[in-house]
Structures are given as structure tokens and as C-alpha cells.
Amino acid sequence: SDRNGQTEVYRQALEQEAAQPLTTTPQDQDLGYARISADSSWILYLLVPRLLQSSGSSTLIPMMRVPLSGGPSQLVLQADRTADFWCATAPATLCTLDERSPDGKSHTVTAFDPVKGRGRVLLRIPSEPLAYYNAKPSPDGSHVVLLNGSEPEGHLQVLTPDGRLERDLAFKAWPSCESTSWAADGKSI
């Protein structure tokens, strides 16, 4: 929420009238994607310097974590400024980080742990410099759906966490699809 000129993450119980801030964002940065970790212990978020938002810079940005119960934010890892990330749901532990290479010629999906940082590379895809990919783990962490949002028609691939293709799905007359979501039971997308 932007309640004071800065994007911040707040926590508010349903029966409370006031929200409590969980993060503080430096004046020259904006808070990017805020998502909960698989075990629901952490809020994960990106800190994006305002000067990077319109530049072509390949500067790395920090992914931070803050305890859901409150406390100081801590660095998880450094990511490409175009990064996006998602986590499965407990008891699964898979979190994935999508990044474009600095030269724009490949896209990488990497597993990460909110405490330990980067893990193994799950998938590396040759890519055009302006191609847009989005990879999301299923709620149980058994699959990752990969969307290429740059194709003229919708195209999804369902992969195992080690990058093996299980299903290749195309849907006609649906150009520029930019995002996918798993159903809560993980049985549909």
C-alpha cells in the first residue's frame, strides 16, 4: 500500500481498524512484488530503485524478506531488475525466481530458499531480448507452469521442477497473455 508516499507492506487483522507496517522502504526506492513464502513465515519483496524503472540498466536489485510476525528486513538474494518470483504452498517448499540474462538472450528459472538464497537452476530458455516469461510453481510444488507472454497466441508449458516438459498447451486467439494462476487445488491453471 502507498499510505505515506512510499510503497510499504502492512499487516492488519480482519477485526482491527489500523494496519501495522511490516517494511520501511528507502525514499529512492519502490517496493516491488510482495508475496508470502511457502511456509507462510516470510513476506518476500523486491526493492527497485526509482532510477532503474525507466532505464535499460542491468543493475541487480535486492530481494528482501521480513517475518510475517514483524521484525527487521533481511537480504535473500540479488536479482535482475526484470525478476519475478513465486512460491508454492506448505508443506511444499519450492520458490522460483524468473530472470532475464543481462544480454537478454536467455531466461532462467531458479529455485530459491527465503533463508538460504539461490538454489539450483531449474530451466534456462533461449530468448529474444524483449520476450516475457512467467513461471509459477503449482501449490504442491510438483509442477511449474511456464508462460511465454511474447508469442502471438497463448502458449503454456507444464514442467516438472527439474525442467522436464509434461504438457505443451496452446490456446488460439488469445494474444499477449501475461500471467497465469494455479487453482488452489493445483489441478487446473
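Residues numbered from 1 in each chain as written. Predicted model: local features only at pLDDT ≥ 70, side-chain atom pairs only at ≥ 80, totals over all residues. Heavy atoms only, no water.

Concerning the state of the cysteines
Going through the model one piece at a time under the given rule, you end up with one disulfide. The partner cysteine of Cys87 in its disulfide is Cys95, sulfur to sulfur 2.1 Å. Because the torsion about its S-S bond is 105°, the bridge between Cys87 and Cys95 counts as right-handed. Judged by relative accessible area, which is 17%, Cys87 ranks as buried. Residue classification places Cys95 among the buried residues on the basis of a relative accessible area of 1%. (Disulfide = S-S within 2.5 Å. Buried < 20%, exposed > 50% of the residue type's maximum accessible area, 1.4 Å probe, protein only.)

Considering the confidence of the model for the chain
With 96% of its residues at a pLDDT of 70 or more, the chain has an overall mean of 86. Highest mean pLDDT in the chain belongs to strand E6 (residues 74–80) (95); lowest belongs to strand E2 (residues 20–21) (85). (pLDDT = per-residue confidence, 0-100. Helix = DSSP H or I, 4+ residues; strand = E, 2+ residues; numbered from the N terminus.)

A short note on the side chain of Asn134
Relative to the elements of secondary structure, Asn134 occurs in strand E11 (residues 133–137). The class for Asn134 is buried, based on a relative accessible area of 1%. Looking at Asn134, its side chain comes within polar contact range of the side chain of Asp84, at 3.5 Å. If we ignore the near neighbours within four places in the chain, the residues touching Asn134 are Asp84, Trp86, Asp98, Val145, Leu146, Leu147, Glu178 and Thr180. (Polar contact = N/O pair within 3.5 Å; in protein donor to acceptor, adjacent residues only side chain to side chain. Contact = heavy atoms within 4.5 Å.)

Focus on the pairing of strand E9 (residues 106–113)
For E9, the tally of buried residues reaches seven of eight residues, placing the bulk of the element in the interior. With six bridges connecting them, strand E8 (residues 95–100) and E9 associate as antiparallel partners. Bridging across to E9, Leu97 finds its partner in Thr110. Connecting E8 to the antiparallel partner E9 that follows it, the hairpin turn spans five residues, and Gly104 within it adopts a positive phi of roughly 75°. One ladder, built from seven bridges, connects E9 with strand E10 (residues 117–126); its direction is antiparallel. Each residue of the ladder has a partner; that of His107, found in E10, is Ile125. Linking two consecutive strands that pair antiparallel, namely E9 and E10, is a turn of three residues. (Pairing = 2+ DSSP bridges.)

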